[in-house]
Structure formats: structure tokens, C-alpha cells
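Observations on the model geometry
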Amino acid sequence: MYICNGTKIAFQLRYFIELSYKGTNYHGWQLQPNAVTVQELVNKAFSTIFKTAINVVGAGRTDTGVHAEQLFAHIDFDIEFTIEELIYKLNALLPNDIVVENIYKAIERTHARFDAVSRSYEYRIFLGRNPFLTDTTWQFSAKKLNIVKMNEAASFLLTYTDFQCFSRSNSDVKTYNCDITNAVWIQTNKLLIFHITADRFLRNMVRAIVGTLLEVGKEKISLEEFKQIIESKNRCNAGPSVPPQGLFLTQVTYPKGIFIDE
């Protein structure tokens, strides 16, 4: 049965941990030898509770200063606990800017990274200055942006698959192919947000796309030149990467039925 209402587990099963965090104070998600990361603190919290070394496996990694409204990590347990008790204990140990939102029992051998079917990001720009949003938006004071052209250029992303031009140089990947299914700018008053969803993303990809689309919005790059940049497969031809604080991982999706009693 699914763990709820005080039901306990005393045998090894795979669980998915749903997390959110504000990335301002961290050098990204993934463990690093000489820097504090989100994964390190989550591992420490689990290890403290279970009194043994624990290493969670994340659905992906975010860079320094990038935030996550939803990120999943998986772990195998063989220690008796209740979901409610464990969430409470973890959040008591974690800093206030990292939160365990929920824990789900998953099908055996399900992998948080490799079984994810899509990831969604938002890049949030505040058009002006706001002292209360400095950590969670890029504050941008362009005189004028042509958002219609930015959305037209964004729509081109859905017609390509190779995005080497937006990948960090010298990335160690087997393929630069990504299937982008949504890419759109939405403005609400002074908040301008770029929404993008794909099956996978390359390192630095979203921030490079946003930086290049802003060049279109400032009319420094034409729509035809935007296509040529993608087709060139050359990072040097694309625009600059925007700062990390405006980037949020907002959703990771999995096939229906991957969580038991879903």
C-alpha cells in the first residue's frame, strides 16, 4: 500500500523525493568538492536521520544561483519510517531555502533522471528595478523590447532538434539533440517570463537561448539570423548567457503510473 495515514515500511523500496529550493546560496544541485550544494545538504539530512551514508540521485542538475520549484531525486530505503515523520524530520534539518515537498513510492528501478519525460523552465525578467526580487529575477532596463519578434523567434525552436549553438563550449555529451515542445514569452505588467519545455536540456542552454532571444527583441538580430545561429551549431554565434538568478526549474514530469497508487 502507498505510505499514508501513519502506515510504515520495513523493507527496501524506491522512493522519489520532491524538492524545491532557492538556489541563491548554493553552487547548484550537484555535489562539488569545495562548495556547498543542495544535493550535499539533502544527503546530510538523510544520513543524519538514518545514521548511515545516503546519496540521493537527482533528476538533473541546476547551476550556481539557479532555483527549482520542483526537482525529484530517488533513493532506496530499507529502514522503517512514515512519510509524514520523515518529511517533518528532513525539513527540520534542512535550511529554510530547501524544502522537501513530498515523498512518493515508485516502481522498482525507476530512475529520477533517465525516466523523466520532460522538464520545464522559466526565466523571469523584471523590467525595471525591484529590491525585493533581486535574487529571483534578472532586472533589465532595456528601453524597448519587441516581444512579438521574440515570440516568433522562440517558435522556431520547435522546428529544430540540434541545439549545439546554445550549449556550453566543450560540453561532454553524446548528442546535442533536444525535443522542445513549448517556448513562449508572457508579460504581466513589469514581469516578463520565458517558458520552455523539452525532453532534455544541455548545459547553459536556457540561459543562452534567453540571451539570444533578447538580442532579437532589441532588434540586433533578425529572425533569419536567429535561424542561421541555430543552423551554425556554433556557440560563438549565439547571444550572451543571461545571469542565473532569473532561472527556475519549474516542473519535471514522468510517465503516468510510475508512482505506486498514483
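Everything below is about the structure printed above this text.
Residues numbered from 1 in each chain as written. Predicted model: local features only at pLDDT ≥ 70, side-chain atom pairs only at ≥ 80, totals over all residues. Heavy atoms only, no water.

1. Quick notes on the nonpolar core
Ranked by size, the top nonpolar core spans 84 residues in total, and within it Phe 46, Leu 157, Phe 166, Trp 185, Phe 194, Phe 226 and Tyr 254 carry the most contacts. In terms of residues, this core owes the most to one element, helix 4 (residues 205–217), which gives eight residues. Every residue in contact with Trp 185, bar those within four places of it in the chain, is listed here: Ile 125, Ile 147, Met 150, Asn 151, Ala 154, Leu 192, Ile 193, Phe 194, Val 210, Leu 213 and Leu 214. (Core = buried A, V, L, I, M, F, W, Y, C linked by side-chain atoms within 4.5 Å. Buried < 20%, exposed > 50% of the residue type's maximum accessible area, 1.4 Å probe, protein only. Helix = DSSP H or I, 4+ residues; strand = E, 2+ residues; numbered from the N terminus. Contact = heavy atoms within 4.5 Å.)

2. Observations concerning the packing of aromatic side chains
All told, the structure shown has 18 aromatic pairs when counted by the stated rule. Ring geometry for Phe 50 and Phe 77: centres 5.2 Å apart, planes at 70 degrees, overall edge-to-face. On the criterion of sequence distance, the pair formed by Phe 50 in helix 1 (residues 38–50) and Phe 77 in strand 3 (residues 67–77) is long-range, its members being 27 residues apart. An identical accessibility class is assigned to Phe 50 and Phe 77; each is buried. Taking 4.9 Å as the distance between ring centres and 55 degrees as the angle between the ring planes, the aromatic pair formed by Trp 138 and Phe 140 counts as tilted. An aromatic cluster is built from Phe 16, Phe 72, Tyr 104, Tyr 254 and Phe 259, whose rings are joined through pairwise contacts. Cation over ring: Arg 124 sits above Phe 248, and NZ or CZ is 3.7 Å from the ring centre. Lying over the aromatic face of Phe 156, Lys 227 brings its terminal NZ or CZ to 4.6 Å of the ring centre. (Phe/Tyr/Trp six-rings, centres within 6.5 Å; stacked < 30°, edge-to-face > 60°. Lys NZ or Arg CZ within 6 Å of the ring centre and 35° of its normal.)

3. Observations concerning the side chain of Ser 47
You can see Ser 47 is positioned in helix 1. Judged by its relative accessible area of 19%, Ser 47 is buried. With residues up to four places along the chain from it excluded, the contact list for Ser 47 reads Thr 52, Ala 53 and Ile 54.

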